[in-house]
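# Residue-level structure breakdown
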Amino acid sequence: MSNAATPAPQGAKSVLVRIEDGIAWVSLNRPEKRNAINPAIVREMNEALDALEMDDACRVVVITGSGEAFSAGQDLKEYFREPDAGHPILRERLYKGNAAWQWRRMMHFPKPTIAMVNGWCFGGAFQVLLACDLAVADEDATFGLSEINWGIIPAGIVTKSVAMALMQRTALYYIMTGEPFDGRRAAEIGLVNFAVPKDQLEARVRKLANTLMQKNPHVLRACKTGYHYVREMSWDASAEYLAAKSDQTKFRDPEQGDQKGMRQFLDEKSYRPGLGAYDRSR
Ligand code: ACO
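If you're wondering where the values come from, they're calculated on a predicted model, not measured in any experiment. Sequence positions are assigned chain by chain, starting from 1 and proceeding in written order. Where local features are concerned, this predicted model is filtered to residues with pLDDT of at least 70; where side-chain atom pairs are given and counted, the filter is 80 or more; whole-chain, interface and lining totals use all residues. Note that water and hydrogens are dropped before the side-chain values are worked out from all heavy atoms of the structure.

### Examining unusual backbone geometry
Excluding glycine, a negative phi dihedral is what most residues carry, and trans is how most peptide bonds are arranged. Despite not being glycine, Asp 21 has its phi angle at roughly 50°, a positive value. Among the secondary structure elements, Asp 21 is positioned in the loop between strand E1 (15-20) and strand E2 (23-28). Its identity as a non-glycine residue notwithstanding, Arg 34 has a phi of 55°, on the positive side. What counts as a helix is a DSSP run of H or I of at least four residues, what counts as a strand is a run of E of at least two, and both are numbered from the N terminus.

Structure, rendered in structure tokens:
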């Protein structure tokens, strides 16, 4: 498999991108500020997503943080205090740009996404975490909906993301107390898929990414799009939409996966769909 590097935008340094064996490792890179999300990260993340969706060397995106933090959330100075004191249109523009990368684009990103939570994860970082398809955490990482601790509500889209992901009692408990919790608890409440010791984190994420890379990428994309849309639809509308989406997916699939799968199972008896993916190479 080819290794490649997506060139960083000129002068970029708040986001690092490294592509290796199909996986794009995207790191928020302000370790001295615990990767707090400032206007530079907003700009550079949007640029990085532009590049990665077009780059065939990238088949899975992993979002993580440099140093000891995943992200300490929005930057209180550069994302809140300074824009609050500036021109309202510029503030609005910043918020829209942030929503773009943090959830609008991430939720529907054409390639699978994994959040690798390597440390502190607070406030606005939950948006990123929950917009990723899957998530793996260091079992000792610290999570918190800390907004209440400094007098704001979890805005952006944090409250919506948390309401969609967690049970009501759990969501309201953490929203209303701001109590921090660790990666083990995050796995227990379904905020992440797994929590593992720090020294196993990268290997576990790589294993998950490799599993995803064995699947048909066209169908994988349709699976996640379908999932996000049906959550907001009635049962009848979902059935109609999924029937149409299924036909569209088969019709547009460049590798005609369903034909290969059926041939290999029914005629050649060469694999068991319940136990793994069909052979995409033939
Ligand atoms: N915004 C701006 N600066 C931040 C943020 C943030 N969210 N988080 C950390 N920093 C800065 C600190 O001000 C400090 O800067 P300085 O060195 O110039 O003084 C530097 O990052 C390191 O932070 P420390 O607090 O010294 O690091 P420590 O490891 O002791 O603690 C922790 C880390 C627990 C993450 C702490 O920094 C913290 O509580 N940060 C705020 C977390 C938070 O509540 N985030 C939610 C923001 S609101 C939202 O996202 C909607």
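Once the structure has been displayed, the description carries forward.
### Looking at the layout of surface pockets
Its boundaries defined by the atoms lining it, the largest pocket holds a volume of some 830 Å³. With a 1 Å grid laid over protein atoms only, a set of points is called a cavity when a 1.4 Å probe fits there but cannot get out and a pocket when it is open yet has protein on both sides within 12 Å along at least five of seven lines; lining residues have an atom within 4 Å of a point. Lining the largest pocket we find 30 residues, and of these Leu 130, Cys 132, Tyr 227, His 228 and Arg 231 sit closest to its centre. Where the lining of the largest pocket is concerned, the elements lending two or more residues are helix H3 (88-107), helix H4 (125-131), strand E7 (134-138), helix H5 (158-165) and helix H9 (217-230). Residue classes follow a fixed rule: Ala, Val, Leu, Ile, Met, Phe, Trp, Tyr, Cys and Pro count as nonpolar, while Asp, Glu, Lys and Arg count as charged, and any other residue, Gly among them, counts as polar. Looking at the lining of the largest pocket residue by residue, the classes come out as 19 nonpolar, six polar and five charged. Grid points are joined across faces, edges and corners, and a volume is the space filled by probe spheres set on the points.

### Some points on the sheet that holds strand E10 (residues 194-196)
Note on pairing: two strands pair once DSSP finds at least 2 bridges between them. Within the open sheet, the six strands sit side by side as E1-E2-E3-E5-E7-E10. Their pairing is mixed. On the outer flanks of this sheet lie E1 and E10, each paired with one strand and no other. Here the strands of the sheet are splayed against their neighbours by 20° on average, with no regard to which way each runs. The sheet contact formed by strand E3 (residues 60-65) and strand E5 (residues 113-117) spans three bridges and is parallel. If you follow Val 62 over to E5, its bridge partner there is Ile 114. Note on method: axes are straight lines fitted to C-alpha atoms, helices fitted across the in-contact stretch only, with angles between N-to-C directions ranging 0 to 180 degrees.

### A closer look at the side chain of Ser 14
Within the secondary structure, Ser 14 is located in the segment before E1. Judged by its relative accessible area of 6%, Ser 14 falls in the buried class. Should any heavy atoms of two residues lie within 4.5 Å, those residues are considered in contact. With residues near it in sequence (within four places) discarded, Ser 14 still touches Ser 27, Leu 28, Asn 29, Arg 30, Ala 40, Ile 41 and Glu 44. Relative accessibility thresholds used throughout: buried, under 20% of the residue-type maximum; exposed, over 50%; partly exposed, between the two (1.4 Å probe, protein chains only).

### What to know about the pairing of E3
Buried residues dominate E3, accounting for six of its six residues. Pairing geometry for E2 and E3, over six bridges, is parallel. Bridge assignment links Ser 27 to a residue of E3, and that residue is Thr 64. The parallel pair E2 and E3, bridged by helix H1 (residues 39-54), forms a crossover whose chirality is right-handed. Classification remark: right-handed applies to a crossover when, strands pointing away from the viewer, the course from the first strand over the helix to the second runs clockwise.

### Quick look at the sheet that holds strand E8 (residues 142-144)
If you trace the four strands from one edge of the open sheet to the other, you get E4-E6-E8-E9, paired in mixed fashion. On the outer flanks of this sheet lie strand E4 (69-71) and strand E9 (181-182), each paired with one strand and no other. With two bridges joining them, E4 and strand E6 (residues 120-122) adopt parallel strand pairing. In the sheet register, Ser 71 faces E6, and the bridge partner there is Cys 121.

### What about the domain arrangement of the protein?
Domain limits in this description derive from either an automatic procedure or a database domain assignment. By the assigned domains, the protein splits into domain 1 (15-213) and domain 2 (217-267). Placing the centre of domain 1 and that of domain 2 at their C-alpha centroids yields a distance of 28 Å. Summed over both partners, buried area is the accessible surface (1.4 Å probe) that two parts give up on being assembled. Interface area, domain 1 with domain 2, both sides summed: about 830 Å², of which 54% is carbon and sulfur. A per-residue breakdown of the area domain 1 buries against domain 2 is headed by His 108, Pro 110 and Met 164, which together make up 55% of the total. Here a salt bridge means any side-chain nitrogen of Lys or Arg lying within 4 Å of a carboxyl oxygen belonging to Asp or Glu. Put simply, domain 1 and domain 2 have two salt bridges between them. Contacts described as polar in this section are N or O atom pairs within 3.5 Å, which, within protein, must combine one atom able to donate a hydrogen with one able to accept it, while residues neighboring in sequence count only if both atoms come from side chains. Run the count over domain 1 and domain 2 and you get five residue pairs in polar contact (both at pLDDT 80 or more). For the side of domain 1 that touches domain 2, the secondary structure elements donating two or more residues are H3 and H5. Looking at side-chain class alone, the side of domain 1 that touches domain 2 contains seven nonpolar, two polar and three charged residues.

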